[in-house]
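# Observations on the three-dimensional arrangement
The chain contents come next:
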Amino acid sequence: MKRLTIKDIAKEFNVSISTVSKALNDSYEISVSTKEKIQKYAKENNYKPNFNALSLKNRKTKTIGIVIPNMLNYFFAQVFKGVEKVANDRGYKIISCISNESFDKEVETIEMLSNGSIDGFILSLAEETVSKKDYKHLKDVIHNGTPVVMFDRVADNLECDKVVTDNFDSARSTVGHLVKLGHKNIAFVSSMANLDIGRRRQLGYLKGLEDHQIKVNKDLIINIDDNYKNYEKILEPIFKNNTVNSVLATDESCAIAAMKVAQKLGHKVPENFSIISFSNGILARHSNPRMTTVSQHGEIMGATAAERLINRLENKSEEKKNAETIVIKTDLVERNSTKNIL
């Protein structure tokens with residue numbers, strides 16, 4: 001079946017192509033009655049805009065590419081939700097891709113979308129990309145004039161806008177919160193040692209201990225390879241052989257494992273053992289007891305990244321501004337895995 005075009009609609013109503021275009025775009029220049037007739041006819045005959053033709057004419061696709069490292073992570077799902085809402089509100093479409101923490105997949109995706117399919121990128125780096133510190137594919141995109149906004153996992157030396165969490169300060173203040181609750185034997189459990197966000201959280205943990213004159217016990221800094229899924233096997237002997245009464249975890253999986261091990265060894269959460277996790281996700285809300293978390297506000301982060309990118313795309317004065325880093329402040333969401341034991 002032949003696809004209906006603007007030219008066909010113009011012929012049907014004996015008007016110019018420009019009139020049809022303005023009517024379909026709800027322009028005030030066209031009378032209400034004419035707009036209604038044309039819009040009704042277009043809808044009844046399943047008219048669809050030819051976005052390829054529009055992009056050739058306008059040199060804009062009104063499409064954003066978003067690349068996330070992991071589709072199973074609740075935080076990234078929340079970021080995507082924030083991006084999608086802003087994009088929809090401002091008339092943009094989204095092409096979403098997943099790198100699966102692979103450098104090669106990330107490079108392939110960036111190259112594929114850089115052929116004119118999108119106007120700009122919103123991106124969080126794959127773990128392999130961070131490990132390799134190879135950002136040439138992104139430097140090339142930025143050099144070619146395509147706006148990029150990075151979020152959460154970012155490359156500091158790339159000249160583009162970034163939206164991040166205050167990882168260091170959040171971990172530091174969370175340790176302070178645990179100390180106020182009466183805890184001094186605080187373990188740090190992380191599956192993010194290869195990522196800058198994980199390292200920043202660890203540095204914040206160490207600074208938090210220093211703030212309260214608590215001696216660092218290196219045995220309580222536990223970095224677990226994320227590919228090793230049975231976290232409990234690693235944590236159990238460490239908890240057995242050391243005095244531990246609280247945990248700051250970089251993610252929910254580590255936190256849940258720590259909670260299970262603590263309970264298995266006879267601790268009562270939160271009566272004499274407290275646990276706090278980064279990422280205010282589904283696991284934390286349904287754990288038993290429900291987990292106190294550091295909320296990173298993924299939806300706000302996504303919305304901020306989308307607003308920043310679209311402003312760059314639409315506002316010439318914004319294009320000339322230097323790249324900036326926007327920090328999203330976290331909040332502590334207190335639930336039932338923490339308690340004052342003083």
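Look up a bit, the structure's there.
Rules behind the numbers
- Residues numbered from 1 in each chain as written.
- Predicted model: local features only at pLDDT ≥ 70, side-chain atom pairs only at ≥ 80, totals over all residues.
- Heavy atoms only, no water.
- Buried < 20%, exposed > 50% of the residue type's maximum accessible area, 1.4 Å probe, protein only.
- Helix = DSSP H or I, 4+ residues; strand = E, 2+ residues; numbered from the N terminus.
- Pairing = 2+ DSSP bridges.
- Right-handed = clockwise from strand over helix to strand, strands pointing away.
- Axes fitted to C-alpha atoms, helices over the stretch in contact; angles between N-to-C directions.
- Parallel < 35°, antiparallel > 145°, perpendicular 65-115°, else oblique.
- Contact = heavy atoms within 4.5 Å.
- Nonpolar A, V, L, I, M, F, W, Y, C, P; charged D, E, K, R; others polar.
- Expected span 1.5 Å × (residues − 1).
- Phe/Tyr/Trp six-rings, centres within 6.5 Å; stacked < 30°, edge-to-face > 60°.
- Lys NZ or Arg CZ within 6 Å of the ring centre and 35° of its normal.
- Core = buried A, V, L, I, M, F, W, Y, C linked by side-chain atoms within 4.5 Å.
- Disulfide = S-S within 2.5 Å.

### Here we look at the pairing of strand 6 (residues 186-190)
Most of strand 6 is tucked away: 5 of the 5 residues are buried. Residues Ile186, Phe188 and Ser190 line one face of strand 6 and the alternating positions Ala187 and Val189 line the opposite face, and both faces are buried. Where strand 6 lies against strand 8 (residues 246-249), 4 bridges are found, and the strand directions are parallel. Across the sheet, Ile186 pairs through a bridge with Ser246, a residue of strand 8. Alignment of strand 6 against strand 7 (residues 221-223), held across 3 bridges, turns out to be parallel. Bridging from a neighbouring strand, Phe188 pairs with Ile221 of strand 7. A crossover links strand 6 with its parallel partner strand 7, the connecting element being helix 10 (residues 196-211), and its sense is right-handed.

### Regarding the packing of helix 2 (residues 17-24) against helix 3 (residues 32-44)
Contact geometry of helix 2 with helix 3 gives a least axis separation of 9 Å together with a crossing angle of 85°. Comparing their axes, helix 3 and helix 2 come out roughly perpendicular. Every residue of helix 3 that contacts helix 2 at Val20, Ala23 and Leu24 is listed here: Lys35, Ile38, Gln39 and Ala42. Per-class residue counts for the contact of helix 2 with helix 3 are 5 nonpolar, 1 polar and 1 charged.

### Considerations on the sheet that holds strand 2 (residues 93-98)
If you trace the 6 strands from one edge of the open sheet to the other, you get 2-1-3-4-5-11, paired in parallel fashion. In the strand order of this sheet, the two ends are held by strand 2 and strand 11 (325-328), each with one partner. Averaged over all adjacent pairs, the angle separating strand axes in this sheet is 15°, with direction ignored. Sitting on the sheet, helix 14 (residues 298-314) is in contact with strand 1 (63-68), strand 3 (120-123), strand 4 (148-151), strand 5 (161-165) and strand 11, with an inclination near 170° to strand 5.

### Looking at helix 9 (residues 167-180)
The terminal C-alpha atoms of helix 9 lie 20 Å apart, and with 14 residues this matches the ideal 20 Å at 1.5 Å per residue to within 8%. Summarising burial for helix 9: 10 of the 14 residues are buried, a large majority. Residues of helix 9 that are buried: Asn167, Phe168, Ser170, Ala171, Thr174, Val175, Gly176, His177, Leu178 and Val179.

### Topic: the pairing of strand 3
The two faces of strand 3 match: Gly120 and Ile122 on one face and Phe121 and Leu123 on the other face are all buried. Here 4 bridges tie strand 1 to strand 3, and the two strands are oriented parallel to one another. Across the sheet, Ile64 pairs through a bridge with Gly120, a residue of strand 3.

### With respect to the packing of aromatic side chains
For any two aromatic rings, the description comes down to two numbers: the centre-to-centre distance and the angle of the planes. Counting across every chain of the model gives 5 aromatic pairs. For the pair Phe75 and Phe76, a centre-to-centre distance of 5.4 Å together with 55° between the ring planes defines the contact as tilted. Like Phe75, the residue Phe76 is buried in the burial classification. A connected cluster of aromatic rings, assembled from ring pairs, spans Phe75, Phe76 and Phe151. Across the ring face of Phe103, the terminal group of Lys132 is positioned such that the distance to the ring centre comes to 4.8 Å. Taking the ring centre of Phe278 as reference, the NZ or CZ of Arg201 above it sits at 4.1 Å.

### Observations regarding the nonpolar core
One recurring pattern in soluble globular proteins is that nonpolar side chains are buried together. Tyr205, Leu235, Phe239, Val247, Leu248 and Phe273 are the most contacted members of the largest nonpolar core, which has 38 residues in total. Only helix 9, strand 6, helix 10, strand 7, helix 11 (231-241), strand 8, helix 12 (252-264) and strand 9 (274-278) provide two or more residues apiece to this core. Here this core takes 8 residues from helix 12, the largest share from any one element.

### Brief notes about the sheet that holds strand 12 (residues 331-333)
An order of 7-6-8-9-10-12 is seen for the 6 strands of this open sheet, with the pairing classed as mixed. With partners counted over all chains shown, the strands left at the sheet margins are strand 7 and strand 12, one partner each. Within the sheet, the average angular offset between the axes of one strand and its neighbour, ignoring direction, is 20°. Across 3 bridges, the pairing between strand 9 and strand 10 (residues 292-295) is parallel. Of the residues in strand 10, the one forming a bridge with Ser277 is Thr293. Across the sheet, helix 11 is in contact with strand 6, strand 7 and strand 8; its angle to strand 7 comes to roughly 165°. Relative to the sheet, helix 12 contacts strand 6, strand 8 and strand 9, its axis offset from that of strand 9 by approximately 165°.

### As for the state of the cysteines
If you walk through the whole model with that rule in mind, you get 0 disulfides. Here Cys160 is not disulfide-linked; the sulfur of Cys97 is the nearest cysteine sulfur, at 18 Å.

### Overview of the environment of Ala255
Turning to its location among the elements, Ala255 is positioned in helix 12. The buried category is assigned to Ala255, whose relative accessible area is 0%. Residues Ala255 and Ser190, 65 residues apart in the sequence, show an inter-C-alpha distance of 9.0 Å. Among all residues touching Ala255, those that are not within four sequence positions of it are Ala249, Ile275, Ser277 and Met291.

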